[in-house]
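# Structural features, examined
Each chain, letter by letter, is given below.
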Amino acid sequence: MFRRLVLVLGLLMVAAVSPAVAQEVEVPQAVTTQREMVVTANPVATAAGVKVLQQGGTAADAMVAVQTVLGLVEPQSSGLGGGAFLVWYDAMTGDITTYDAREKAPLAATEDRFAGLGFFLAWQSGLSVGVPGTPMLMETVHAQHGNRPWPTLFAPAIGLAEGGYDVTARTADQVNALLSFNPSCTERLLFRDPVAFEYFTNGSETDCAAIPAGTRVRNPDYADTLRTLRSEGASGFYTGDIAAAIVDAVQTDLTIPGDMTLADLAAYEVIERDPVCMDYRGHEVCGMGPPSSGALAVGQILGILENFDLGDDPLGEEFVHLFAQAGRLAFADRNLYVGDTDFVTVPVEGMLNEAYLASRAALITDTDMGTAAPGVPPGEFDPTGPQEGDSEGGTSHVSIVDRYGNALSMTTTIESSFGNGVMVPGAGFLLNNELTDFSFAAVGANGDPIANRVQPGKRPRSSMSPTIVLDGDGNLELVTGSPGGSAIIGYTAQSIVNVLDFGLDAQQAVNVPHHQNRNGSTRLEAPIPGVTLDYDVAALVAALEARGHPVNVGSLVSGLSVIQVTDDALVGGADHRRDGTVGGR
Ligand code: DON
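The paragraphs below set out a description of the structure included in this document. Predicted model, so just to flag it, every value in this text is computed and none were measured.

## Regarding the overall build of the chain
- Helices and strands together make up the secondary structure of the chain, namely 18 helices and 22 strands.
- Taken over the C-alpha trace, the chain has a radius of gyration of 22 Å; the compact-globule value for 585 residues is 25 Å, and the two agree within 12%.
- Dimensions of the chain, computed from the C-alpha atoms along their principal axes, are close to 65 × 60 × 50 Å.
- Residues classed as buried in the chain amount to 62% of the 585 residues present.
- At a minimum sequence separation of 6, the contacts of the chain that also span at least 24 residues come to 73%.
- Positive and negative charge centroids in the chain, built from 31 and 69 side chains respectively, lie 5 Å apart.

## A word on the sheet that holds strand E12 (residues 283-287)
- Strand order in the open sheet formed by seven strands is E4-E21-E20-E16-E15-E12-E11, and the pairing between neighbours is antiparallel. Bordering the open sheet on either side are strand E4 (31-33) and strand E11 (276-280), each of which pairs with just one other strand. Looking at each pair of strands side by side, their axes are set apart by 20 degrees on average, direction ignored.
- In terms of strand pairing, strand E16 (residues 476-480) meets strand E20 (residues 561-565) through two bridges, oriented antiparallel. Within the sheet, the bridge partner assigned to Leu478 lies in E20 and is Gln564.
- Along the sheet, helix H12 (residues 294-305) contacts E11 and E12; its crossing angle with E11, the most-contacted strand, is approximately 15 degrees.
- This element, helix H16 (residues 488-500), spans E11, E12, strand E15 (467-470), E16 and E20 of the sheet and lies at about 145 degrees to E16.

## Describing unusual backbone geometry
- In this model, Pro290 is joined to Pro291 through a cis peptide bond whose omega is 15 degrees.
- Tracing the backbone shows Pro291 in the loop between E12 and H12.
- Unlike most non-glycine residues, Phe191 shows phi in positive territory, near 60 degrees.
- Overall, Phe191 belongs to the buried group, its relative accessible area being 2%.
- Within the chain, Asn519 stands out as a residue other than glycine whose phi angle is a positive 70 degrees.

## Some thoughts on the environment of Ser399
- Mapped onto the elements, Ser399 comes out in strand E13 (residues 394-401).
- Note on Ser399: relative accessible area 0%, which makes it buried.
- For the pair Ser399 and Gly572, spaced 173 residues apart in sequence, the C-alpha to C-alpha distance is 9.4 Å.
- The contacts of Ser399, once residues within four sequence positions are left out, are Met37, Val38, Val39, Leu408, Val479, Thr480, Ser561, Val562 and Ile563.
- Within the structure, Ser399 has its side chain in polar contact with the backbone oxygen of Ser561 (distance 2.8 Å).

## Looking at helix H2 (residues 59-73)
- With 15 residues, H2 extends 20 Å from end C-alpha to end C-alpha; this agrees with the ideal 21 Å at 1.5 Å per step.
- With respect to burial, H2 is a largely interior element, 15 of its 15 residues being buried.
- One side-chain oxygen of the residue at the start of H2 lies 3.2 Å from the amide nitrogen of Ala60, identifying that residue as Thr58.

## Quick look at the side chain of Gln124
- Its location among the elements puts Gln124 in the loop between helix H3 (119-123) and helix H4 (134-145).
- Gln124 gets classed as buried once you look at its relative accessible area, which sits at 1%.
- A distance of 2.7 Å separates polar atoms of two side chains, one belonging to Gln124 and the other to Arg192.
- Once residues lying within four places of it in the same chain are set aside, the contact partners of Gln124 are Leu189, Leu190, Phe191, Arg192, Asp253, Thr255, Gly419, Asn420 and Gly421.

## Quick word on the pattern of salt bridges
- For the coordinates displayed, the defined rule picks out 22 salt bridges.
- Two residues, Asp340 and Arg273, come together in a salt bridge whose shortest N-O distance is 3.9 Å. Note that Asp340 is positioned in the loop between helix H13 (317-337) and helix H14 (348-351) and Arg273 in strand E10 (residues 271-273), a separation of 67 residues in sequence. As far as burial versus exposure is concerned, Asp340 and Arg273 are alike and both buried.
- Through salt bridges with shared partners, one network takes in Asp100, Arg273, Asp340, Asp342 and Arg459.

## Re the packing of aromatic side chains
- Scanning all chains against the criterion turns up 15 aromatic pairs.
- Note on Phe120 and Trp123: the rings are 5.2 Å apart at their centroids and 70 degrees apart in plane angle, and the pair reads as edge-to-face. Here Phe120 pairs with Trp123, and both are found in helix H3, just three residues apart, close to one helical turn.
- A relative accessible area of 33% means that Phe120 is categorised as partly exposed.
- In this structure an aromatic cluster arises from ring pairing among Phe119, Phe120, Trp123 and Phe181.
- The lysine or arginine in question, Arg188, covers the ring of Phe197, its NZ or CZ lying 3.5 Å from the ring centre.

## So, the state of the cysteines
- Across all of its chains, the model carries two disulfides by this definition.
- Here Cys185 pairs with Cys208 through a disulfide, and the sulfurs are 2.1 Å apart. Here the disulfide of Cys185 and Cys208 is left-handed, its torsion about the S-S bond being about -90 degrees. Of this pair, Cys185 sits in the loop between helix H6 (169-179) and helix H7 (194-200) while Cys208 sits in the loop between H7 and strand E9 (216-217); the two residues are 23 residues apart in sequence, bridging distant segments of the chain.

## Some thoughts on the packing of H2 against H4
- As a packed pair, H2 and H4 sit with axes 8 Å apart at the nearest point and diverge in direction by 160 degrees. Considering the angle they form, H2 stands roughly antiparallel to H4. Crossing angle aside, the handedness with which H2 passes H4 is left-handed. Between H2 and H4, the contacting residues are Ala60, Asp61, Met63, Val64, Gln67 and Thr68 on the first element and Thr134, Leu137, Met138, Val141, His142 and His145 on the second.

## Quick look at the sheet that holds strand E18 (residues 522-525)
- With mixed pairing, three strands are arranged side by side in an open sheet as E17-E18-E19. The sheet is open, and its two edges are formed by strand E17 (515-517) and strand E19 (551-554), each paired on a single side. The mean inter-strand angle of the sheet, taken between neighbouring strand axes irrespective of direction, is 20 degrees.
- Bridge count between E17 and E18: three bridges; the pairing is antiparallel. Of the residues in E18, the one forming a bridge with Gln516 is Arg523.
- Strands in contact with H13 are E17 and E18; relative to E17, the strand with the most contacts, it is inclined by about 35 degrees.

Procedures and definitions
Residues numbered from 1 in each chain as written. Predicted model: local features only at pLDDT ≥ 70, side-chain atom pairs only at ≥ 80, totals over all residues. Heavy atoms only, no water. Helix = DSSP H or I, 4+ residues; strand = E, 2+ residues; numbered from the N terminus. Rg over C-alpha atoms; globule rule 2.2 N^0.38 Å. Buried < 20%, exposed > 50% of the residue type's maximum accessible area, 1.4 Å probe, protein only. Contact = heavy atoms within 4.5 Å. Lys, Arg positive; Asp, Glu negative; His and termini not counted. Charge placed at Lys NZ, Arg CZ, Asp CG, Glu CD. Pairing = 2+ DSSP bridges. Axes fitted to C-alpha atoms, helices over the stretch in contact; angles between N-to-C directions. Polar contact = N/O pair within 3.5 Å; in protein donor to acceptor, adjacent residues only side chain to side chain. Expected span 1.5 Å × (residues − 1). Salt bridge = Lys/Arg side-chain N within 4 Å of Asp/Glu carboxyl O. Phe/Tyr/Trp six-rings, centres within 6.5 Å; stacked < 30°, edge-to-face > 60°. Lys NZ or Arg CZ within 6 Å of the ring centre and 35° of its normal. Disulfide = S-S within 2.5 Å. Parallel < 35°, antiparallel > 145°, perpendicular 65-115°, else oblique. Left-handed = near helix turned anticlockwise from the far one by under 90°.

Written out as structure tokens, the structure reads:
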């Protein structure tokens, strides 16, 4: 039966879900549809995906329309110049496949690439740009799982790029935030690139500011690039004029020139990898293995929590304590062991071994454990040194279920806000700075090489955690994932526990304020009126501090896109911390 297209916009009154939040609060409410659904971080991108599904397209088809529109309307977060990980659930076979379209280091890259450079200089330079993976991902996934003609999928983005789209407040705010780091409008590290400066700002040399939210903007260069992709496929991106323009932009960078070559682009491949799956209380949780640390860290958190009764309150002191301890333990292992498995041996199975995780869980007491040390998982691994530090920035998550029952979970990125800050001349998209996800140091404090050190042709470790959960009978149950740098791991794990353990629906799961520990302080999200549930932060801080937690309250800006599959409907949860939107029918 055909239902009306539903786009979630309203805020409705719903009852709060736990004793800790026992008051009526205005928060977003779930949308349900009957047969297909798209959840993205932007209403225009969601609408583009919904239209493709309405025409009978698959999730793969809708993804191409969504990604090309996101690259235009949310350019700070993802695009053709970046990379992505995609988890695919095939309804016919019940199989889950993962696609690694992670950016790759040029062959000329050496392990001292970022030695002596602070994050800002490395970020805003040609050195940080990895060979993009997103265009080839779109082609690969469409070829394997699409049913709509490739050229038709570009119509929404080309139409908007030529006809114009309205700059969002998020984009304008992020431009202004970056400009504020510069000493002046002429001495610019952020938006040093004249093409990006002209496109995103008023261009003033005395009073530079973002183009205001609501301004209608056109990007004819991007329309040209999309037309090339439409007619030539991904090879029109990895060879020819676009490839030459990318290489030129990287090699002539105003801060530090990079070393990417035409040969690096021509050699790029999307890699199909086995999903990393684990059993969690009878559910099969599947995600992206190395070079992402996502499925391993999310899986470790869940596998450790499985040893405990979590109670019935998603913001209860006991659960927040346990989730923080599990996070500490998972990050200790992640920071030591995970890198690109084409270069280093990672104990993937051992890290999710049930007995190993039970032994890690046994380290948890009633008080905070302090900095967790890594464990020794069963299985082979290279001697590795721990990587210090981490970064955050610009990424987006897309969840789609089509009428055939297929699903995809894709986290797509250019790493930091506006990637490395360079817009490829004549091509209308930003370059990524994904290589800053490598460890800047090659050797750990213990003298051993770091698993995630730079190596030629290697893919940097990620935290992106696109996830698909099946029930005990192998039926699709949950599609989830988020942007947010290394906080992605906690956001994603929390969304899974909120649904599977606390029985929340997809939107309620997103609305619960975040809490997590990445083996440092225990971070609590301050409630956001109209966006998250309200709760007594001071009481939770006091309770955790009494248990020895170093607590930090602030913002935790996830961008969760969640689809829950129930017996009679699809239930969508979008993240109103960004511009999340559910669509479908
Ligand atoms: O791959 C990673 O883990 C990071 N490059 C993701 C960055 C990110 O999520 C920024 N988000 N808002």
